[in-house]
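An overview of the molecular structure
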Amino acid sequence: MGNLLEYSGIVTKIRAMKAKLLTPKQFEEIASLGSVPEIAEYLKKNTAYADVLAMLDESQIHRGNIEKVLTQSLYRDYTKIYRFCGQKQRRFMKLLVKNYEIDLINYCLRIVINRYKQPFDLNYKRAFFDRYSQISIEKLITSRTTDELVENLKGTEYYAPLKKLKDAQNVTLYDYNLALDLYFYTSTWKEQKKLLGKKDLELFIHERGSKIDLLNLQWIYRAKKYYNMKPADIYLLLIPIHYKLSTDQIKEIVEAPGLEEMHNAVNRTVYAKHYQFRQKIADFNIEQIYADCLHHLYTVDLRHNPYSLAEINTYFFLKEEELKKLTTAMECVRYSLSPGETLAYIGGKTR
């Protein structure tokens, strides 16, 4: 009864918002369109994105601006849900903001490291970050070097992990991104124990632990397939948390001599038994498997625990996946891919 009372308002609100998410049929229709303006017009007429797209006039309808307003729709959804949360849920919601903070820092790092001439375009994020984040966009946009950027993060929790790299030699964008990812997962893994009650904590550990395992599998696969990295270097990439993958299993997967052997080792894990890893190596799509596994995980947790953090977690997962699919669909249409090819890229059915 306690959870029902705590979450009834949030659940009612989120279910109404979830009903407005795009359907597979709508993605098929989007994939069949001929241009990015046509996609924008479709979204205006047929979806909940009409309000944010109304901020753009006809001359502003191009992929970059559409992506910005899609991001703003995510922030709007966050605000809507936050208003329905009690103090306990709001503390958890602040953990979710860290995803957006790290995305912002990574964007700024790309700008200063690659020395773009027009570096920062962050006004569309300012209102959200001013309200919910520890990061000051006003400070970040003055950065012209990585040193300045790191110093402008002083006073935030990201300063310490990035400062360690500041004086190192030959530090790359990848090194900064990796440091932030490792910090994010290890710090939030510890923090949740202080914030959540017993039932919500169990759900968080199940969902975050599974995500960490799946991310580690994804990173190992990419390191082997695309970069031919040695095991010693792969270990440095991994989040040092094991949930359902034992140390021995990780060792077997990392030190497998080839992709076939790695694939066989993955098929012996608990994830292969429940999800879709049991594919031929030629058909193995680690990114799609990752998304499918998480979708299954969130769906099952929500079904078993409808009045809990699972409702919040599931909604943001579905919303963020939807935004990724829309962005990918626009890119595919821009390059004149067929509807079948576009659907294949966004994880839909090909025709």
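Scroll up to find the structure.
How each quantity is defined
Residues numbered from 1 in each chain as written. Predicted model: local features only at pLDDT ≥ 70, side-chain atom pairs only at ≥ 80, totals over all residues. Heavy atoms only, no water. Salt bridge = Lys/Arg side-chain N within 4 Å of Asp/Glu carboxyl O. Helix = DSSP H or I, 4+ residues; strand = E, 2+ residues; numbered from the N terminus. Buried < 20%, exposed > 50% of the residue type's maximum accessible area, 1.4 Å probe, protein only. Expected span 1.5 Å × (residues − 1). Contact = heavy atoms within 4.5 Å.

Inspection of the entire model under this criterion finds 16 salt bridges. The partner of K18 in a salt bridge is E311, with the nearest N and O atoms 2.9 Å apart. Of this pair, K18 sits in helix α1 (residues 2-18) while E311 sits in helix α18 (residues 309-334); the two residues are 293 residues apart in sequence, bridging distant segments of the chain. Note that E191 and K98 form a salt bridge whose closest N and O atoms lie 2.4 Å from each other. Taken together, the residues span a long stretch of sequence, with E191 in helix α11 (residues 173-195) and K98 in helix α6 (residues 87-114) at a distance of 93 residues. The exposure class assigned to E191 is partly exposed, which follows from its relative accessible area of 22%. Here K98 falls in the buried class, since its relative accessible area comes to 6%. Connected through salt bridges with shared partners, the residues R63, E67, E331 and R334 form a single ionic network.

Its 19 residues give helix α17 (residues 286-304) an end-to-end C-alpha distance of 27 Å, which sits within 8% of 27 Å, the value for a rise of 1.5 Å per residue. Here α17 has its buried residues at I286, I289, Y290, A291, C293, L294, L297, Y298, V300, D301 and L302.

So, on to the environment of I286. Here I286 lies in helix α17. Overall, I286 belongs to the buried group, its relative accessible area being 3%. Taking the C-alpha atoms as reference, I286 lies 9.7 Å from L215; in sequence the two are 71 residues apart.

Right, let's get into the side chain of Q89. Among the structural elements, Q89 can be located in helix α6. Ignoring any residue separated from it by four or fewer positions in sequence, one finds Q89 in contact with E6, Y7 and I10.

Just geometry here; none of it tells us what the structure is for.
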